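Next come the chains, spelled out residue by residue.
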Amino acid sequence: MSFWDGSDDNTLVCIGVREETHDVKTFIFAPKRPVLFHFQPGQFITFDFVIGDAVVNRCYTIASSPTRPHVISITVKRVPGGPVSNWLHDNMSPGQEVNATGALGSFSYTRNPAKKYLLLSGGSGITPMMSMARAQFDLAGESDIVFMHHARTPADIIFRRELELMEVHSQNFKFIPVCEADAKFHSWGGLRGRISAGMLNVAVADYTEREIFVCGPPPYMRAVKALLEQLDFNMSNYHEESFDFAALEQEAAPVLAGGDSYEVTFTKSQRAVACPAQSTVLDAARAEGMRLPSSCAKGLCGTCKSRLLSGKVEMSHQGGIRQREIDQGMILLCCSKPLSDLVVER
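The residue count restarts for each chain, going from 1 along the sequence in the order it is written. At least 70 in pLDDT is required for a residue's local features to be given in this predicted model, at least 80 for side-chain atom pairs to be given and counted, and no such filter applies to totals for whole chains, interfaces and linings, which use all residues. No hydrogens and no water enter the side-chain calculation; it runs on all heavy atoms of the structure.

Draft legend 1. How the structure looks around the sheet that holds strand S9 (residues 173–179). Being paired, for any two strands, means DSSP has found at least two bridges between them. Helix and strand assignments follow DSSP, with helices taken as H or I runs no shorter than four residues and strands as E runs no shorter than two, numbered in order from the N terminus. Strand order in this open sheet of six strands is S10-S9-S8-S7-S11-S12, and the pairing throughout is parallel. What marks the edges here is a single partner per strand, and that holds for strand S10 (191–192) and strand S12 (238–240). By the bridge criterion, two bridges tie S9 to S10 in an arrangement that is parallel. What sits directly across from Val-178, in S10, is Leu-191.

And the structure:
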């Protein structure tokens, strides 16, 4: 079943903007035509934003639940210097249209059914967890869920009121916010500090019996994973978001590998670039100033999918392309390294 129910029009219309915290906003979208969305809680979609004279592609996790299929929402933190998050905060308003494709990603509890879950999130990594929690709440799911969220201060707890209400109205849902410091005019009396063995043992004593999902900044996820490994947790029951959406905002220039290189010719743009054997085609093109459609840069979203007209590549993707597409000569530029000179239809 496709993301768009019976429609090939990928246009979304913004129907609402909600301020969650001082630097986080939720953007609510509806399809241009009245159709239903189909996705798994925890998945993401790719947007095509027209910023200035350029089309910029970005992946954002869906924060809303598929149990409410008439609209979708994304929740975005303003990143200092980030071109897309700042544009969204400053410009996106009801009535504006944007194209989107998806949904993609395997980070979802639906793929790992269990009687007990522990959702661990840090900062804006709360969004896929919120989609999962909302789905379970709407469906009156029987699974026992503990949702532990780490924030800088009480003022930075995204979705706090909604999560507290979910806890009030559900016997098998527990929300545990954790803060590092007090907020201005708001002292914090709950759990404080970074995640630790002591914190887990006190707050979630049965964590070893739970399926654990983790999303947040890379240092947060590394700390959680290292802690669980140290505690001899069964890591087959551990699941983490596989890439950092916030890092996409930094627009860092690619660093190309040295050594032998091959020539990559792009037919539509009539450009040719040198691509080192250990660099991806996308990085080589970006290093030469080419702006090709791309978003996740990890082989997940499929935004950079292109037809390879000649040559061979080594491609290591994470589900952003189907085998039948590969058989038809398609590749993902972000995770394809040249094995010969290439001709690409771009």
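Following the structure, the description resumes.
Draft legend 2. Here's a closer look at the pattern of salt bridges. Any carboxyl oxygen of Asp or Glu that lies within 4 Å of a side-chain nitrogen of Lys or Arg is treated as forming a salt bridge with it. Within this structure, the stated rule accounts for 16 salt bridges. Asp-206 is the salt-bridge partner of Lys-116, the closest N and O atoms lying 2.9 Å from each other. Of this pair, Lys-116 sits in strand S7 (residues 116–122) while Asp-206 sits in the loop between helix H4 (197–203) and strand S11 (211–215), placing them 90 residues apart in sequence. Here the residues in one salt-bridge network are Lys-116, Asp-144, Asp-206, Glu-209 and Arg-210, joined through shared partners.

Draft legend 3. Local environment of the sheet that holds strand S1 (residues 11–21). In spatial order, the strands read S4-S3-S6-S1-S2-S5; together these six strands make up an open sheet with antiparallel pairing. Each edge of the open sheet is held by one strand with a lone partner, namely strand S4 (54–61) and strand S5 (72–77). With direction set aside, neighbouring strand axes in the sheet form an average angle of 35°. Where strand S3 (residues 44–51) meets strand S6 (residues 97–104), five bridges bridge the pair, whose relative direction is antiparallel. Bridge assignment links Thr-46 to a residue of S6, and that residue is Thr-101. Residue contacts are counted whenever heavy atoms from the two residues lie within 4.5 Å of one another. Helix axes are fitted to C-alpha atoms over the stretch in contact, other axes to C-alpha atoms as well, and angles between N-to-C directions run from 0 to 180 degrees. This element, helix H1 (residues 83–91), spans strand S2 (24–31), S3, S4 and S5 of the sheet and lies at about 75° to S3.

Draft legend 4. Layout of the environment of His-149. Structurally, the position occupied by His-149 is in strand S8 (residues 144–151). Once residues lying within four places of it in the same chain are set aside, the contact partners of His-149 are Ser-121, Gly-122, Gly-123, Ile-126, Ile-157, Ile-158, Phe-175, Ile-176, Pro-177 and Val-178.

Draft legend 5. Structural detail: H1. In this scheme, a residue with accessible area under 20% of its type's maximum is buried, one over 50% is exposed, and one in between is partly exposed, where area comes from a 1.4 Å probe on protein chains only. Along H1, the residues that are buried comprise Val-84, Ser-85, Asn-86, Trp-87, Leu-88 and His-89. Packing partners of the buried residues in H1 comprise S2, S3, S4 and S5.

Draft legend 6. Highlighting the nonpolar core. Core analysis: the largest hydrophobic core is formed by 26 residues, its most contacted members being Leu-119, Met-129, Phe-147, Leu-163, Phe-173 and Phe-213. Residues within four places of Phe-147 in sequence aside, it is in contact with Leu-119, Ser-121, Ile-126, Met-129, Met-130, Ala-133, Leu-163, Phe-173, Lys-174, Phe-175 and Ile-176. What we call a nonpolar core is a set of buried Ala, Val, Leu, Ile, Met, Phe, Trp, Tyr and Cys residues that are connected through their side-chain atoms within 4.5 Å.

Draft legend 7. Seen up close, unusual backbone geometry. We note that Phe-185 has phi near 65°; this positive angle belongs to a residue other than glycine. Phi angles above zero are rare outside glycine, and Asp-232 is one such case at about 60°. For Asp-232, the location among the structural elements is in the loop between helix H5 (218–230) and S12.

Draft legend 8. Molecular detail of the state of the cysteines. Note on disulfides: each one is a pair of cysteine sulfur atoms within 2.5 Å. Taken as a whole and judged by the stated rule, the model has zero disulfides. Not engaged in a disulfide, the cysteine Cys-59 finds its nearest cysteine sulfur in Cys-301; these two sulfurs lie 3.9 Å apart. A disulfide-free cysteine, Cys-304 has its sulfur positioned 3.7 Å from the sulfur of Cys-334, the nearest such atom.

Draft legend 9. Region of interest: the side chain of Ser-108. In this structure, Ser-108 sits in the loop between S6 and S7. The class for Ser-108 is buried, based on a relative accessible area of 0%.

Draft legend 10. Focus on the pairing of strand S19 (residues 342–345). A one-sided burial pattern is seen for S19, the buried positions being Leu-342 and Val-344 and the unburied ones Val-343 and Glu-345. Where strand S13 (residues 261–266) lies against S19, three bridges are found, and the strand directions are parallel. From the neighbouring strand, Val-264 faces S19, where its bridge partner is Leu-342. Relative to S19, strand S15 (residues 305–310) runs antiparallel, the two sharing three bridges. Opposite Arg-307, over in S19, you have Glu-345 as the bridge partner.

Draft legend 11. Quick look at the packing of helix H2 (residues 126–138) against helix H3 (residues 160–169). Taken N-terminus to C-terminus, the directions of H2 and H3 make an angle of 30°; their axes are 12 Å apart at the nearest point. It follows from the interaxial angle that H2 and H3 lie roughly parallel. Relative to H3, H2 is oriented so that their crossing is left-handed. Here Ile-126, Met-130, Ala-133, Arg-134 and Phe-137 of H2 lie close against H3, whose contacting residues are Glu-162, Leu-163, Met-166 and His-169. Here the angle decides the label: under 35 degrees means roughly parallel, over 145 means roughly antiparallel, 65 to 115 means roughly perpendicular, and every other value means oblique. Crossing handedness is read from the near helix: turned anticlockwise from the far helix by less than a right angle, it gives a left-handed crossing, and turned clockwise, a right-handed one.

Draft legend 12. Quick look at the environment of Thr-127. As for its position among the elements, Thr-127 is in helix H2. Judged by its relative accessible area of 6%, Thr-127 is buried. The spacing of Thr-127 and Ala-63 is 64 residues in sequence and 4.8 Å in space, taken between C-alpha atoms. If near-sequence neighbours (up to four positions away) are discounted, Thr-127 is found in contact with Thr-61, Ile-62, Ala-63 and Thr-75.

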